[in-house]
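Now for the letters of each chain:
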Amino acid sequence: MKILGIETSCDETGVAVVKDGQKILSNVISTSVELHKKYGGVVPEIAAREQVKVIIPAIQEALNGANLNWENIDAIGVTIGPGLVGSLLVGTETAKSLGFVYKKPVIPVNHLVGHVYSNFLDAKEKIQFPALCLIVSGGHTDLVLMAGHEKFKWLGGTRDDAAGEAFDKVARVLGLGYPGGPEIERHAQNFKLKISNFKLPRPMIDTNDFDFSFSGLKTAVVNLVSNEKKPLSVPDVAASFQQAITDVLVTKTIKAAQKYKIKQILLGGGVAANLALRSKLSDYGKKIRVAVRFPPIELCIDNGAMVASTAFYNFKPESPEKIQAEPGLYF
Ligand code: KG4
Ligand code: ZN
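Worth saying up front: this structure is predicted, and the values here are computed from it rather than measured.

A. Spotlight on the overall build of the chain. In terms of regular secondary structure, the chain is built from 10 helices and 10 strands. Computed over the C-alpha atoms, the radius of gyration of the chain is 20 Å, within 12% of the 20 Å expected from 2.2 N^0.38 for a compact globule of 331 residues. Along the longest, intermediate and shortest principal axes, the C-alpha atoms of the chain span 65 × 45 × 30 Å. Residues counted as buried form 53% of the 331 residues belonging to the chain. Restricting the contact set of the chain to residue pairs at least 6 apart, pairs at least 24 apart contribute 74%.

B. Geometry of the pattern of salt bridges. Across all of its chains, the model carries 15 salt bridges by this definition. Between D211 and R159 there is a salt bridge; the shortest N-O distance is 3.1 Å. Taken together, the positions of D211 in the loop between α6 (180-188) and α7 (215-227) and R159 in the loop between β8 (151-157) and α5 (163-173) put the pair 52 residues apart, joining distant regions of the chain. Each of R159, D209, D211 and K252 takes part in salt bridges that share partners, so that together they form one network.

C. Main features of the site of ligand 1. Among the 20 residues in the neighbourhood of ligand 1, the closest are listed as G138, D168, G181, E185 and G270. One of the side-chain N or O atoms of E185 is found 2.7 Å from a nitrogen atom in ligand 1. Calculation on ligand 1 without its partners gives an accessible area of 560 Å², and the protein chains cover 88% of this total. Sorting the residues of the shell around ligand 1 by element identifies α4 (111-117), α5 and α6 as the ones contributing at least two each. The greatest single-element share of the shell around ligand 1, amounting to 4 residues, is contributed by α6. Here the shell around ligand 1 is built from residues that sort into 6 nonpolar, 11 polar and 3 charged.

D. How the structure looks around the packing of α5 against α6. The N-to-C vectors of α5 and α6 enclose an angle of 65 degrees; their axes lie 7 Å apart at closest approach. Here α5 runs over α6; the crossing is left-handed. Of the residues in α6, those in contact with F167, D168, V170 and A171 of α5 are G180, G181 and I184. The residue makeup of the contact of α5 with α6, split by class, is 4 nonpolar, 2 polar and 1 charged.

E. Geometry of the coordination of the zinc ion (ligand 2). In this structure, H111 (NE2), H115 (NE2) and D302 (OD) serve as the protein donors to the zinc ion (ligand 2), at separations of 2.0 to 2.2 Å. Within one chain, the residues donating to the zinc ion (ligand 2) are spaced in sequence as H-x3-H-x186-D. Taken together, the residues H111 in helix α4 and D302 in the loop between β10 (291-293) and α10 (304-313) connect sequence positions 191 residues apart. Comparing H111 with D302, the two get one shared label, buried.

F. Expanded view of the packing of helix α8 (residues 234-259) against helix α9 (residues 275-287). Remark: α8 packs on α9, axes separated minimally by 10 Å, with the N-to-C direction vectors making an angle of 35 degrees. Relative to α9, α8 is oriented so that their crossing is right-handed. Residues Q242, Q243, T246, D247, L249, V250, T253 and I254 of α8 pack against A276, L277, K280, L281, Y284 and G285 of α9. Its residues assigned to classes, the contact of α8 with α9 comprises 7 nonpolar, 5 polar and 2 charged.

G. Up close: the environment of G91. Tracing the sequence through the fold places G91 in helix α3 (residues 85-102). Note on G91: relative accessible area 0%, which makes it buried. As for G91 and S226, which are separated by 135 residues in sequence, their C-alpha atoms are 42 Å apart.

H. Geometry of a nonpolar patch on the surface. A surface patch of nonpolar side chains, amounting to about 340 Å² of accessible area, comprises F100, V101 and Y102. Here Y102 falls in the partly exposed class, since its relative accessible area comes to 37%.

I. Broad picture of the nonpolar core. Ranked by size, the top nonpolar core spans 48 residues in total, and within it I184, F214, F241, I245 and L249 carry the most contacts. Within the residue set of this core, elements represented by two or more residues are β6 (131-136), β7 (141-148), α5, α6, α7, α8, β9 (264-268) and α9. Considering every element that reaches this core, the biggest residue donor is α8, with 12 residues. Each residue touching F214, except ones within four places of it in the same chain, is listed here: T141, T158, D160, D161, A162, A163, A166, I245, V248 and L249. Counting 23 residues, the second largest nonpolar core, distinct from the first, contains V15, A58, I76 and L329.

J. Main features of α6. For α6, the full list of buried residues reads G180, G181, I184, E185, H187 and A188. Buried residues of α6, viewed axially, fall in a sector of 170 degrees; they line one side.

Reading the values: the criteria
Residues numbered from 1 in each chain as written. Chains lettered and ligands numbered in written order. Predicted model: local features only at pLDDT ≥ 70, side-chain atom pairs only at ≥ 80, totals over all residues. Heavy atoms only, no water. Helix = DSSP H or I, 4+ residues; strand = E, 2+ residues; numbered from the N terminus. Rg over C-alpha atoms; globule rule 2.2 N^0.38 Å. Buried < 20%, exposed > 50% of the residue type's maximum accessible area, 1.4 Å probe, protein only. Contact = heavy atoms within 4.5 Å. Salt bridge = Lys/Arg side-chain N within 4 Å of Asp/Glu carboxyl O. Near = heavy atom within 4 Å. Polar contact = N/O pair within 3.5 Å; in protein donor to acceptor, adjacent residues only side chain to side chain. Areas by Shrake-Rupley, 256 points an atom, 1.4 Å probe, with all protein chains shown as cover. Nonpolar A, V, L, I, M, F, W, Y, C, P; charged D, E, K, R; others polar. Axes fitted to C-alpha atoms, helices over the stretch in contact; angles between N-to-C directions. Left-handed = near helix turned anticlockwise from the far one by under 90°. Donors = N, O, S within 2.8 Å, 3.2 Å for Na, K, Ca; no water. Patch = residues over 30% accessible without salt bridge, like charges linked within 9 Å, V, L, I, M, F, W, Y side chains within 5 Å. Core = buried A, V, L, I, M, F, W, Y, C linked by side-chain atoms within 4.5 Å. Arc of directions from axis to C-beta.

Shown next as structure tokens:
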């Protein structure tokens, strides 16, 4: 079965064609990130206007890339939320119209579930259940138990800032560019000493729940930067912050993995591109003999392929009048 997946929850317009939930036939991503850089974050109105411009050409490019036309497409998967309402509307209304015109079933997809399914794309080994998913993006930080397809149980999440948001805000305080995650990672790689000069907090690392809180960690960096008389070493601060946040994410994930006796850990979301997080989680996973999987870096960012894969494994078409943008959708 060939599904065309459409993703427009934030500043990316992702369109892909995926066969049987796994094989990527084409994957087109158009981003408006350059237009947001001078504002230090995504401007919703600008993002949606760009998406209106690029979505039809992106769909055509995805069909051409897969060497297919509409006759060969079996269904359309579309992100309905969570995300920015204007952006989501572009994707959902386009999917509904195309579904109506070409008489294709349309499957609504939760963006967060989509990040989990990035792990199913071009996968060499089978995903084993029960799995534990750590979803870390610009807007979310969630630990979710996955007993099987369509069987998700939310265990906990952030009470304030999302992990990616914390990366972005710390980067801004350090005078680095947007998006902040890759910038922090790049600067942290330049820190060559074993021990940092700064001690940053690891909020909620020992609590018995599976919740997170990153605003205190962010504030600690803000205070550090504003109270210091002489210029700080950016690589040192970036490395200490990255160490602190990955310590918390990994410790809590491992604790949940042990409690629920899971078979695999699946990482997803933009922050899953972070190499320090990937290697720390893999190392700790080895210690408890649980395999840790993460998508290729290019599939960690928002894309249409993960939406098409989710639609395949959770094949529940909805009639067009029922498909709506749901900015606040959750598990
Ligand atoms: O999943 P995503 O593309 O969009 C949302 O659904 O939010 O995630 C974007 C977030 C941004 O906050 C960005 O700074 C972060 O992912 N990010 C990273 C890295 N690459 C992207 N954070 C840490 N390290 C990275 N290498
Ligand atoms: Zn995302």
